[in-house]
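Analysis of the macromolecular model
Residue-level listing of the chains:
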Amino acid sequence: QMSIVEGLRGLYADVRHQPSFSKKCQRSLHLSWTACTEIVRITAAIPYAWRAARIHKQHSRKKLSSHYDDNNNSIDDDDVLLLPAVPYGSHKRQVADIWLPPRSLSESNEDANNEGGAGKNRPMCLFIHGGVWSSGEAWHYAPMARCLAQHGIITAVMTYRLFPETGAKGQAADVCAALAWCASQVAQTHKGDAENIALVGHSAGAHLCALALCAKAASLSNLVDDDSILKKASRVQPRRFVSLNGVFDIPSHYEYERRRGVESLSTMKRAMGDSHEAMAALSPSLILRGESKCADADSLSGRRTTRLFSRALNKDKKDKDKDKDTMAPSSIAARFPEETYFLTALGDTTVPFVESVQMHGALQEAGAPHSELLLYPAPNDHGSLVLAWPGGAKHRFGDDNDLAPWSRDLLDIIRHK
């Protein structure tokens, strides 16, 4: 899932900075082998990519004019509707695919709700993809998004600006903007429940979700200056945050990448700001552990970690009051969503499950409303939680027998009232 172009740039820079010709040759061989291994992994995903592209193309062909009649009634009541590349911002990457549930399912749910009173709007999911902060497209997740919609969930799969055009701070701002857009325009237009939004992120996407939630909490606590990147972000909070194999301690994960020999191919460090201080400042677990007075990377104190976070959001502002950006205990955690879930595979070697365990512990210690950790002995890879979804026959509400355990759990979490 790495960006090949950015990976090659990192490889070239790494080799060029080696002190001797022999070191350059040794490093070149090692990185070339690592790059080839990554390319083989990408090649192995071609069958899935073909299936995802086919699903996305099939549903993209169904225009609104052919899917609805003159009275806005669905012609095909048993199929989902895809609205591709709907903009939530002005940049070409600030778009989202909206997958709408079958109309027949919506009507049956409304009838059931109306028996006991007024009908309820449908639950919503905003999904943020991974890709080492430098790659990823909405169509990659068409099987998962279609399945969620087939189970009655309005699903928006967003894309965001990528590195090197912007870094993690700008990407977190995109998440904030898309969340506000979902809660207003998508919910109002498609009868979604703006108070029942699940923010779901995979890998780097989970990091951006957590970073956005931390930043929004800081803004709500008056700990970030008014002209920060969050000035335009709404105060909308999702009801649930769901992480799928997320990464939250950037300095620690960088050391893990270095031991694997992939730190040059990865764009993580560069997307954070290319320094240890920048990586620590944009690490959600360190931000939360700073609140709860736990030790963090390189002996950064709690006050220091939170101050780095605030300065990272306001790097062009002068620090007028050194205590202004020091957060009160549990101020960020208390403003996290009502429910937080960490779904992670024990066999994941790209982002070890310990990242989710530590973030879950940091939230609990800092006093978050609710945090739950779900560990899966299988699969043994990084992508299956978002890629191993059925792409064949249609699914109906409650028909979960052919879904993987993590897929059923994700559906239950999002649909939970």
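Described below are features of the structure shown in this document. (Residues numbered from 1 in each chain as written. Predicted model: local features only at pLDDT ≥ 70, side-chain atom pairs only at ≥ 80, totals over all residues. Heavy atoms only, no water.)

**Things to note about the overall build of the chain**
Just so we agree on the cut-off: Working definition: helices are DSSP H or I runs of at least four residues, strands are E runs of at least two. Numbering for both runs from the N terminus. For the exposure calls, accessible area comes from a 1.4 Å probe over protein chains only, and a residue counts as buried if that area is under 20% of its type's maximum, exposed if over 50%, partly exposed in between. Where accessible areas are quoted, they stem from the Shrake-Rupley method and a 1.4 Å probe; at the residue level, only the protein chains shown are allowed to cover.
Check the secondary structure of the chain and you find 16 helices and eight strands. When the 417 residues of the chain are sorted by exposure, 55% land in the buried category. With the model as given, the accessible surface of the chain reaches about 18300 Å², and the carbon-plus-sulfur share is 53%.

**Some points on the packing of aromatic side chains**
Heads up, the condition is: By convention, a stacked pair of Phe, Tyr or Trp rings (six-membered ring in the case of Trp) has centres within 6.5 Å and planes under 30 degrees apart, an edge-to-face pair has planes over 60 apart, and any other such pair is tilted.
Per the stated rule, a full pass over the model turns up five aromatic pairs. Taking the centre distance of 5.0 Å and the plane angle of 55° together, the rings of Phe 127 and Tyr 141 count as tilted. With Phe 127 in strand S3 (residues 122-128) and Tyr 141 in the loop between S3 and helix H6 (142-150), the pair connects residues that are 14 residues apart, well separated along the chain. Of the two residues, Phe 127 and Tyr 141, both sit in the buried class. Pairing Phe 248 with Phe 342 gives two aromatic rings, centres 5.7 Å apart and planes at 90°, and the pair type is edge-to-face. In this pair, Phe 248 sits in the loop between strand S6 (240-244) and helix H9 (250-260) while Phe 342 sits in strand S7 (residues 339-345), placing the two residues 94 residues apart along the sequence. Taken together, the ring pairs connect Phe 241, Phe 248 and Phe 342 into an aromatic cluster.

**Some words on a nonpolar patch on the surface**
Using the following cut-off: Here a patch means residues that are over 30% exposed by relative accessible area and free of salt bridges, tied together within 9 Å if like-charged and within 5 Å if nonpolar (Val, Leu, Ile, Met, Phe, Trp, Tyr). Take a side-chain nitrogen of Lys or Arg and a carboxyl oxygen of Asp or Glu: if they are within 4 Å of each other, that pair is a salt bridge.
A contiguous nonpolar surface patch, about 290 Å² in accessible area, is contributed by Leu 346, Phe 353, Val 354 and Leu 375. Within the fold, Phe 353 resides in the loop between S7 and helix H14 (354-366).

**A look at the pattern of salt bridges**
Under the definition given, this model contains six salt bridges. Here Glu 137 and Arg 93 are joined by a salt bridge, their closest N and O atoms 2.9 Å apart. Residue Glu 137 is found in the loop between S3 and H6, and its partner Arg 93 is found in the loop between strand S1 (81-87) and strand S2 (95-100); the two are separated by 44 residues along the sequence. According to the relative accessible area criterion, Glu 137 is partly exposed, its value standing at 33%.

**What about the pairing of S3?**
Selection criterion: One bridge is not enough; two strands pair if DSSP finds at least two bridges between them. Place the viewer so that the strands point away; then a crossover is right-handed whenever the path from the first strand over the helix to the second strand goes clockwise.
Across the seven residues of S3, seven count as buried, placing the element largely inside the fold. Where S3 lies against strand S5 (residues 192-202), six bridges are found, and the strand directions are parallel. By the bridge assignment, Cys 125 is partnered in S5 with Ala 198. Where S3 lies against strand S4 (residues 154-158), five bridges are found, and the strand directions are parallel. Counterpart to Cys 125 in the pairing with S4 is Thr 155. Each parallel crossover has a hand, and the one from S3 via H6 to S4 is right-handed.

**Let's talk about helix H7 (residues 168-190)**
The test is simple: Bending is quantified residue by residue as the angle between axes fitted to the seven-residue window ending at that residue and the seven-residue window starting at it.
Of all the bends in H7, the largest measures some 40° and sits at Cys 182. Burial analysis of H7 places 17 of its 23 residues in the buried class, the great majority of the element. One or two positions beyond H7, positive phi appears at Lys 191, with a value near 60°.

**Some thoughts on the sheet that holds S2**
Keep this limit in mind: Axis geometry follows a simple rule: fit a line to the C-alpha atoms, using only the stretch in contact for helices, then measure angles between N-to-C directions, giving values from 0 to 180 degrees. Only heavy atoms enter the contact rule, under which two residues are in contact if any of them lie within 4.5 Å.
Strand order in the open sheet formed by eight strands is S1-S2-S4-S3-S5-S6-S7-S8, with mixed pairing between adjacent strands. Each edge of the sheet is formed by a strand with only one pairing partner; in this case those strands are S1 and strand S8 (371-376). With direction set aside, neighbouring strand axes in the sheet form an average angle of 20°. When S7 meets S8, the two strands line up parallel, connected through six bridges. Paired with Phe 342 across the bridge in S8 is Leu 373. H6 contacts S2, S3 and S4 of the sheet and is inclined by roughly 40° relative to S2.

**Some points on unusual backbone geometry**
It is generally the case that most residues other than glycine have a negative phi and that most peptide bonds are trans. In this model, Phe 163 is joined to Pro 164 through a cis peptide bond whose omega is 15°. Here Pro 164 shows up in the loop between S4 and H7. Positive phi, normally seen in glycine, also occurs at Lys 191, with a value near 60°. One can find Lys 191 in the loop between H7 and S5. You will see that Asp 274, though not glycine, has its phi angle at about 65°, which is positive. By the secondary structure assignment, Asp 274 is in the loop between helix H10 (268-272) and helix H11 (276-281). The exposure class of Asp 274 is partly exposed, given its relative accessible area of 47%.

**Observations regarding the packing of helix H3 (residues 46-60) against H6**
Operational definition: Each angle is binned into one of four classes, with values under 35 degrees roughly parallel, values over 145 roughly antiparallel, values of 65 to 115 roughly perpendicular, and all other values oblique. The nonpolar class holds Ala, Val, Leu, Ile, Met, Phe, Trp, Tyr, Cys and Pro. Asp, Glu, Lys and Arg form the charged class, and all remaining residues, Gly among them, are polar.
Remark: H3 packs on H6, axes separated minimally by 8 Å, with the N-to-C direction vectors making an angle of 50°. Between H3 and H6, the interaxial angle falls into the category oblique. The segment H3 lies against H6, with Tyr 48, Arg 51, Ala 52, Ile 55, His 56 and His 59 engaging Ala 142, Pro 143 and Arg 146. Counted by class, the contact of H3 with H6 contains five nonpolar, two polar and two charged residues.

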